[in-house]
Amino acid sequence: MSRFRPFPHDRPRRSWALVAGIAALVLAGCGGGGDGGLGAALDSIDDANPGSASGLGADDGAFGGGGGLELGPVTATADPGHAVVTVEDGPTIDLAAARDGGRFYCILDEDEIRFEVSGTEDRSMTLTAFDNGMGLNANLTVDSDEDPDRWIQYGGALEGTLGLDVESGEVSYEGPALRQDRYAMSDGDLDMPTVNVTVAINCGLEHSTAEFDGEEFSFAPFETDSSLSCLATDEGDIDVDLAYQIPERRRLNVDVRADSGGIIGHAIVESDGKKWRALISTTQGTDTGLSVDGGTLTYTGTFTQTSDSGGSETEVEGTVTVHCPT
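Attention in this report is confined to the structure presented alongside it. (Residues numbered from 1 in each chain as written. Predicted model: local features only at pLDDT ≥ 70, side-chain atom pairs only at ≥ 80, totals over all residues. Heavy atoms only, no water.)

Examining the side chain of His82
When you line up the elements, His82 lands in strand β2 (residues 82-87). Looking at His82, its side chain comes within polar contact range of the side chain of Asp94, at 2.9 Å. Apart from residues no more than four positions distant in its own chain, His82 is found in contact with Asp94, Leu95, Ala96, Phe104, Ala200, Ile201, Asn202, Pro325 and Thr326. (Helix = DSSP H or I, 4+ residues; strand = E, 2+ residues; numbered from the N terminus. Polar contact = N/O pair within 3.5 Å; in protein donor to acceptor, adjacent residues only side chain to side chain. Contact = heavy atoms within 4.5 Å.)

Printed below as a string of structure tokens:
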């Protein structure tokens, strides 16, 4: 089973579509997912199209029938760490994970799809899906900034085709959605026209890594417990502030940014009672091992190693690599 599981968080705004999605997940968690959930659905169509990236097929009737939504191969793609919603005759909404203080939350496996991203200017998106035993049910909510004087959302219960590739961490949707003017609705105008949308989600951002004296560590994207930024365009345009925390007592914290004096920041790795820490500073002359290439930030230099059990500090050479959405 492959699982992409970043951190949970609260959204500043809630809508009926999001509430429906949360309710659906509660029902699924209480046994409403039927026998095998999405896994059973995947098994039922696994041989329909073995040449697809996910092994899923588009065999009509192979899945569901409860909500007018079918499961099939991924038909729309986005760059790693991005969620893109394209509205027919409307805007294209592109939300990037971990960029400019954004957040990404993503669970994709055989039992459920639960995705949430928040970006700049209060824009956010959620997509949830589960099998209720009678068919596939999914809900979408996405904010649009197409009109600065309105609060426009697209979403609702989905009907169409939901694509899933667990191994690559991708989800797609093509079908109808409702256009909601939340401000107008609060004034009693409940007009919600139906529009066609295409959704592409890619949770498959490359893992961040650390290495010290041949000891290697890997940190899955978005396994973090706080808001974060991950922008690495070049040495003069860096804003990385992330903290990957995973169950096996391992943590990666990188906080690096460019300012008027050059580069300032640090890199910290913790694992099983050990800690490695490096100061990355232009004024201290320790930024020479920092490089940025196509959204990937790498620091190679001297780290101070300590232990929870005490003992003296030692200096070791190490490398930390962080991959940001581009």
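A look at a negative patch on the surface
On the surface, a cluster of negative charge is made up of Glu211, Asp213, Glu215, Glu216, Glu313, Glu315 and Glu317. Those elements giving two or more residues to the negative patch turn out to be β13 (215-219) and β21 (314-323). Residue placement: Glu315 occurs in strand β21. (Patch = residues over 30% accessible without salt bridge, like charges linked within 9 Å, V, L, I, M, F, W, Y side chains within 5 Å. Areas by Shrake-Rupley, 256 points an atom, 1.4 Å probe, with all protein chains shown as cover. Salt bridge = Lys/Arg side-chain N within 4 Å of Asp/Glu carboxyl O. Lys, Arg positive; Asp, Glu negative; His and termini not counted. Charge placed at Lys NZ, Arg CZ, Asp CG, Glu CD.)

Concerning the pairing of strand β16 (residues 250-259)
For a regular strand, side chains alternate in direction, first toward one face of the sheet and then toward the other. Across 8 bridges, the pairing between strand β15 (residues 237-246) and β16 is antiparallel. Counted as the bridge partner of Ala243 is Asn253 from β16. Where β16 meets strand β17 (residues 262-271), 10 bridges bridge the pair, whose relative direction is antiparallel. Across the sheet, residue Arg257 finds its bridge partner in β17, namely Ile264. As consecutive antiparallel partners, β16 and β17 are separated by 2 residues. (Pairing = 2+ DSSP bridges.)

Re the nonpolar core
One finds Phe115, Met125, Leu162, Val199 and Ile201 to be the most contacted residues of the largest nonpolar core, which totals 34 residues. Ignoring any residue separated from it by four or fewer positions in sequence, one finds Met125 in contact with Ala83, Val85, Leu95, Phe115, Glu116, Val117, Leu140, Thr141, Val142, Val199 and Ile201. Core analysis: the next-biggest nonpolar cluster, separate from the first, contains 29 residues, Ile238, Ile280, Val292 and Phe303 among them. (Core = buried A, V, L, I, M, F, W, Y, C linked by side-chain atoms within 4.5 Å. Buried < 20%, exposed > 50% of the residue type's maximum accessible area, 1.4 Å probe, protein only.)

Observations regarding unusual backbone geometry
The phi torsion at Asp89 lies on the positive side, around 60°, for a residue other than glycine. Examined against the element boundaries, Asp89 turns out to sit in the loop between β2 and β3 (92-96). In the Ramachandran plot, Asp272 falls in the positive-phi region, its phi being about 50° despite a non-glycine side chain. Tracing the sequence through the fold places Asp272 in the loop between β17 and β18 (274-281). Judged by relative accessible area, which is 57%, Asp272 ranks as exposed.

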